[in-house]
Amino acid sequence: MERRFVAIAVTAAFVGGLAVSGLVEHSSPITSSYAVPPATESAPATALVAAPLATLPDFSALVEREGPAVVNIAVSKKVAAGMPPQGEAPPGGMDPFEFFRRFGPQRPPQPGGPGGPGGDEPVRQASGSGFIVSPDGYILTNTHVVKDADEVTVNLTDRREFKAKVIGTDDRTDVALIKIEASDLPTVHIGDPAKVKVGNWVAAIGSPFGLENTVTAGIVSAKSRTLPSDAYVPFIQTDVAVNPGNSGGPLFNLQGEVIGINSQIYSRTGGYMGLSFAIPIDVAMKVKGDLLAFGKVQRGRIGVTIQQVNKDLAGSFGLDRARGALVSGVEKASPAEAAGIKVGDVILAVDGRQVEQSIDLPRMIGEGRPGTEVKLEIWRDHASKVVGVKLGEAPNQQAAVEPPKSAAKPTALGLVVRPVTPAEKQRLGNAAGGVVVERAEGAAAKAGIRPGDVILSLNSEPVASGEALERLVAKSKDRVAVLIQREDARFFIPVPIT
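Residues numbered from 1 in each chain as written. Predicted model: local features only at pLDDT ≥ 70, side-chain atom pairs only at ≥ 80, totals over all residues. Heavy atoms only, no water.

Considering all chains together, one arrives at three aromatic pairs under this definition. Ring centres of Phe 235 and Phe 277 lie 6.3 Å apart, and the angle between their planes is 80°; this geometry places the pair in the edge-to-face category. With a gap of 42 residues between them, Phe 235 in strand 14 (residues 235–238) and Phe 277 in strand 17 (residues 276–280) connect regions that are remote in the sequence. There is no split in this pair, since Phe 235 and Phe 277 are both buried. (Phe/Tyr/Trp six-rings, centres within 6.5 Å; stacked < 30°, edge-to-face > 60°. Helix = DSSP H or I, 4+ residues; strand = E, 2+ residues; numbered from the N terminus. Buried < 20%, exposed > 50% of the residue type's maximum accessible area, 1.4 Å probe, protein only.)

Laid out in structure tokens, this is it:
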């Protein structure tokens, strides 16, 4: 019993040594310290053996200074009678990354339009978050918070309420800019996401489930995270507790600077599961600048289809390691075609910035202003070269192409193929021809080639027939890089030769 009492006393002494110091000024990070209590007669030094521990940060100063610039955004939208709530999962289940894109926390549709009860159309109400970036009332939030809303209301922490105008939205980044008519408003401080490190403490302020000015904290879990259908955003992943209603709210570093906009969560249930994703603030500020200057977001484009370079593809093309973006398609009359970019080229760098993964390229090109020239370092024929490309302007959408069905005729690598018909060429937008896969077996099937795929080239040499395919395989060594077209996508598949 006496030993148990001593153990409890030692534990209490250890915990009691915890000390926290808060945020002192804008340029100083939150710091903390822990001091081991001195030895006494009743508690000898040998009784406590523990390394000093860093304490948890105190965010109170940050919240006091930056909180007034964070706003609650209430939206209303007329909906057709009988329309299911947007928060419900669609048939077949909900994409766990799409929960935030369903308009935030929902309230049941109310009868009547904006004029009040008795109207013909029900009104759905929802809420999100945002933050003030200029004293004259410009506010950043998520596109999915305000898109298609009939009315947007901004509530400040001092209980003032304003009707807001949507200045512009950008679907690709999920960033929106809205404006309220006010002056001398508190604003947030903008930080630099490039300086953020994995493991750094961060805090979110927002309105989860409509609960205004809620503060949650955690750490940065990963950087430059790619999510489905978000090729233009290198997300900051955190374990900060964010939920529906946090959408559009700021993510702060310990200096009290905004480094991101909370945008998405990963959830199987609709609630927090330890995975949240923020749009880097530099991406959002570019969107803001373009919306104010041009009324839309301008992005550069070069007109190529790309894919990731894995170890096998790197070996096929003679690269020292897996890196860069492999060009699997070049659009007709595109800037890339004009510059001489070819299928099979690997883009290694843009204006000296290394392209480590294929997802890096759309971001780098998209950051460029249409009409300007960029220098691309490409890998071709086992050597690197630099090519200048004048950027075009990225369209809002890309058209999809429906692939035709196929028939039969034998060839190599465990494949049964036949030539592409003229009608199929036209439908596929494929002037180069190729062969259609009727059946895939052995190494080709294991590598991922499927019936219906169109084989366009092998090791960057065109394939016009089954016989041509056989000849190219025969003169190859360990593996081949097969360029295929599947639906509207073109990509390389490495296939070992057995």
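Moving on, there is more to tell.
Another aspect to go through is the pattern of salt bridges. A complete count under the given rule lists 23 salt bridges for this structure. With its nearest N and O atoms 3.1 Å apart, the salt bridge here joins Glu 151 to Lys 163. Taken together, the residues Glu 151 in strand 7 (residues 151–155) and Lys 163 in strand 8 (residues 161–163) connect sequence positions twelve residues apart. In this structure, the salt-bridge partner of Arg 160 is Asp 158, at a minimum N-O distance of 2.9 Å. One salt-bridge network, held together by shared partners, links Lys 286, Asp 290 and Arg 369. (Salt bridge = Lys/Arg side-chain N within 4 Å of Asp/Glu carboxyl O.)

On to the side chain of Asn 142. The residue Asn 142 is located in strand 6 (residues 138–142) in this model. With relative accessibility at 0%, the residue Asn 142 sits in the buried group. Reaching out from Asn 142, the side chain makes a polar contact with the backbone nitrogen of Gly 248 at a distance of 2.8 Å. (Polar contact = N/O pair within 3.5 Å; in protein donor to acceptor, adjacent residues only side chain to side chain.)

Another point: the confidence of the model for the protein chain. Model confidence for the protein chain is summarised by a mean pLDDT of 78, while 73% of its residues fall at 70 or above. Segment residues 1–49 is flagged for pLDDT under 50; beyond a separation of four residues in sequence, or across chains, it makes 55 contacts in the model. pLDDT under 50 marks residues 81–109. Its contacts with residues more than four places away, or in other chains, come to 71 contacts. (pLDDT = per-residue confidence, 0-100. Contact = heavy atoms within 4.5 Å.)

What follows deals with the pairing of strand 20 (residues 325–330). Most of strand 20 sits inside the fold, with five of its six residues counted as buried. Two strands pair when backbone bridges link them, and strand 19 (residues 304–308) and strand 20 are joined in this way by five bridges, in the antiparallel orientation. Looking across to strand 20, one finds that Val 304 is bridged to Val 330. (Pairing = 2+ DSSP bridges.)

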